[in-house]
Amino acid sequence: MPNDSVGRFLAALAPEDRETVVARPGEEQERLAAAWERELEGDDELDVLDEVSPPAAEAEAARRVLRQESDRPV
């Protein structure tokens, strides 16, 4: 069962990305959601976007986390 952060992270993802993340183990989902929270908190550019459109800021942070994940060495 996902915690609130995981649920919010999943909701911020594009449908095709959501399917990919949901297929991952729960611990992996929680790690990605924590990275997403850090991205939202730590980026001033997202703070500005959040003032205009919170859903857009959350979606952008989710895209960034998945992009960083795909750039990680295996």
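Below is a short write-up of the structure.

Rules used in this analysis
- Residues numbered from 1 in each chain as written.
- Predicted model: local features only at pLDDT ≥ 70, side-chain atom pairs only at ≥ 80, totals over all residues.
- Heavy atoms only, no water.
- Helix = DSSP H or I, 4+ residues; strand = E, 2+ residues; numbered from the N terminus.
- Rg over C-alpha atoms; globule rule 2.2 N^0.38 Å.
- Buried < 20%, exposed > 50% of the residue type's maximum accessible area, 1.4 Å probe, protein only.
- Core = buried A, V, L, I, M, F, W, Y, C linked by side-chain atoms within 4.5 Å.
- Contact = heavy atoms within 4.5 Å.
- Patch = residues over 30% accessible without salt bridge, like charges linked within 9 Å, V, L, I, M, F, W, Y side chains within 5 Å.
- Areas by Shrake-Rupley, 256 points an atom, 1.4 Å probe, with all protein chains shown as cover.
- Salt bridge = Lys/Arg side-chain N within 4 Å of Asp/Glu carboxyl O.
- Lys, Arg positive; Asp, Glu negative; His and termini not counted.
- Charge placed at Lys NZ, Arg CZ, Asp CG, Glu CD.
- Phe/Tyr/Trp six-rings, centres within 6.5 Å; stacked < 30°, edge-to-face > 60°.

The subject of this paragraph is the overall build of the protein. Counting its regular elements, the protein contains 5 helices and 0 strands. Against the compact-globule benchmark of 11 Å for 74 residues, the protein has a radius of gyration of 12 Å, which places it among compact chains. Principal-axis analysis of the C-alpha atoms gives the protein an extent of 35 × 30 × 20 Å. Considering the protein as a whole, with its 74 residues, one finds that 35% of them fall into the buried category.

Attention now goes to the nonpolar core. If you look at the biggest cluster of nonpolar residues, it comprises 17 residues, and the most contacted ones within it are Phe9, Leu13, Val21, Trp36, Ala62 and Val65. Elements that contribute at least two residues to this core include exactly helix H1 (4-12), helix H3 (26-42) and helix H5 (54-71). Not counting the four nearest positions on each side in its chain, phenylalanine 9 is found in contact with Val21, Leu32, Ala33, Trp36, Ala62, Val65 and Leu66.

Attention now goes to a negative patch on the surface. Taken together, the side chains of Asp44, Asp47, Asp50 and Glu51 present a region of like negative charge at the surface. Topologically, aspartate 50 is positioned in helix H4 (residues 44-52).

The subject of this paragraph is the packing of aromatic side chains. For the structure on display, the rule yields 1 aromatic pair. Plain terms: the ring middles of phenylalanine 9 and tryptophan 36 are 5.8 Å apart, the flat faces sit at 50° to each other, and that makes the pair tilted. On the criterion of sequence distance, the pair formed by phenylalanine 9 in helix H1 and tryptophan 36 in helix H3 is long-range, its members being 27 residues apart. For the pair formed by phenylalanine 9 and tryptophan 36, the shared burial category is buried.

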